[in-house]
Amino acid sequence: MTQVDFHFNAPDKWLYLSRLLRKANAQGKRVGVWGESAKIQRLNQDLWQLGPTDFVPHCWISEAPECVDRSTVVMAENWVQLRSLQGFDVYLNLNHSVPHDLNQVPRLIEVVGPDDEDKASARQRWKHYTQLGFQINRYDLASSGPA
């Protein structure tokens, strides 16, 4: 069964995403990231801004197969293309929509920032995942420290 983790109230969503991916990398996890082009480009830039000792190997799915194979984080605009690759421990959804065909997805993470549009779309995704019978975990970042 798919586990969905919602991380709510991220005061700086992009900084939190970078730290979350840094943590996943340190734990040896491989992450597939799905999002619109502008969001992935932003995340890509933010990952390059991490300190030299915090480097997270990442690439676009369209890059050379050797790069994709060696990267801890693989980013794609196309969910079907991302799902065609094997070996991801977790997926990260940057879109306001729900990815389809979540069969065999072990874990999906949703990070929700402070803006109203982000919160409203997260409520809709939560409802959808509940209807699918997925296990949902809620993490309120307003009451905890950074990832």
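The coordinates are above.
A. Structural view of the nonpolar core. With 23 residues, the main nonpolar core has V31, V33, L43, L92, L94 and V111 as its most contacted residues. When residues of this core are traced back to their parent elements, those giving at least two are α1 (13–26), β2 (31–34), α2 (37–48), β4 (73–76), β5 (90–93) and β6 (107–111). Take this core: its biggest share by element is six residues, from α1. In contact with V33, not counting residues within four places along its chain, are I40, L43, V73, V74, M75, A76, L82, L92 and L94. V74, Y91, L102 and I136 belong to the second largest nonpolar core, which has 21 residues in total.

B. Focus on the side chain of R83. Positionally, R83 belongs in helix α4 (residues 79–84). Lacking a salt bridge, the buried R83 has D101 as its closest oppositely charged neighbour, with an N-O distance of 4.8 Å. Of the polar contacts made by the side chain of R83, one reaches the backbone oxygen of N103; its length is 2.6 Å. Residue contacts for R83: discarding those within four places in its chain leaves Y91, D101, N103, Q104 and V105.

C. Representation of the pattern of salt bridges. Applying the stated criterion across every chain, the model contains six salt bridges. Between D5 and R107 there is a salt bridge; the shortest N-O distance is 2.6 Å. One end of the pair, D5, is in strand β1 (residues 3–8); the other, R107, is in strand β6, with 102 residues separating them in the sequence. For D5, a relative accessible area of 0% puts it in the buried group. Given a relative accessible area of 30%, R107 falls into the partly exposed group.

D. Representation of the pairing of β4 in the model. Burial along β4 is two-sided: the residues V73 and M75 and V74 and A76 are all buried. When β2 meets β4, the two strands line up parallel, connected through four bridges. Counterpart to V33 in the pairing with β4 is M75. One ladder, built from three bridges, connects strand β3 (residues 58–60) with β4; its direction is parallel. Looking at the pairing, W60 lines up with M75 of β4. Running through helix α3 (residues 65–70), the crossover from β3 to the neighbouring parallel element β4 is right-handed.

E. Spotlight on the environment of V4. Here V4 shows up in strand β1. When the C-alpha atoms of V4 and T130 are compared, they prove to be 9.6 Å apart, with 126 residues separating the residues in sequence.

F. Spotlight on the sheet that holds β4. Read from one edge of the open sheet, seven strands run β3-β4-β2-β5-β6-β1-β7, paired in parallel fashion. The sheet is open, and its two borders are formed by β3 and β7 (135–140), each paired with just one other strand. Neighbouring strand axes in the sheet, compared pairwise and without regard to direction, differ in orientation by 20° on average. Bridge analysis of β5 against β6 gives three bridges, and the strand direction is parallel. When the sheet's bridge partners are listed, L92 is paired in β6 with I109. Across the face of the sheet, α1 comes into contact with β1, β2, β4, β5 and β6 while running at roughly 155° to β6. Together, β2, β3 and β4 form the strand contacts of α2, whose direction differs from that of β3 by roughly 155°.

The rules behind the values
- Residues numbered from 1 in each chain as written.
- Predicted model: local features only at pLDDT ≥ 70, side-chain atom pairs only at ≥ 80, totals over all residues.
- Heavy atoms only, no water.
- Core = buried A, V, L, I, M, F, W, Y, C linked by side-chain atoms within 4.5 Å.
- Buried < 20%, exposed > 50% of the residue type's maximum accessible area, 1.4 Å probe, protein only.
- Helix = DSSP H or I, 4+ residues; strand = E, 2+ residues; numbered from the N terminus.
- Contact = heavy atoms within 4.5 Å.
- Lys, Arg positive; Asp, Glu negative; His and termini not counted.
- Salt bridge = Lys/Arg side-chain N within 4 Å of Asp/Glu carboxyl O.
- Polar contact = N/O pair within 3.5 Å; in protein donor to acceptor, adjacent residues only side chain to side chain.
- Pairing = 2+ DSSP bridges.
- Right-handed = clockwise from strand over helix to strand, strands pointing away.
- Axes fitted to C-alpha atoms, helices over the stretch in contact; angles between N-to-C directions.

Interpretation in functional terms is not warranted from these geometric data alone.
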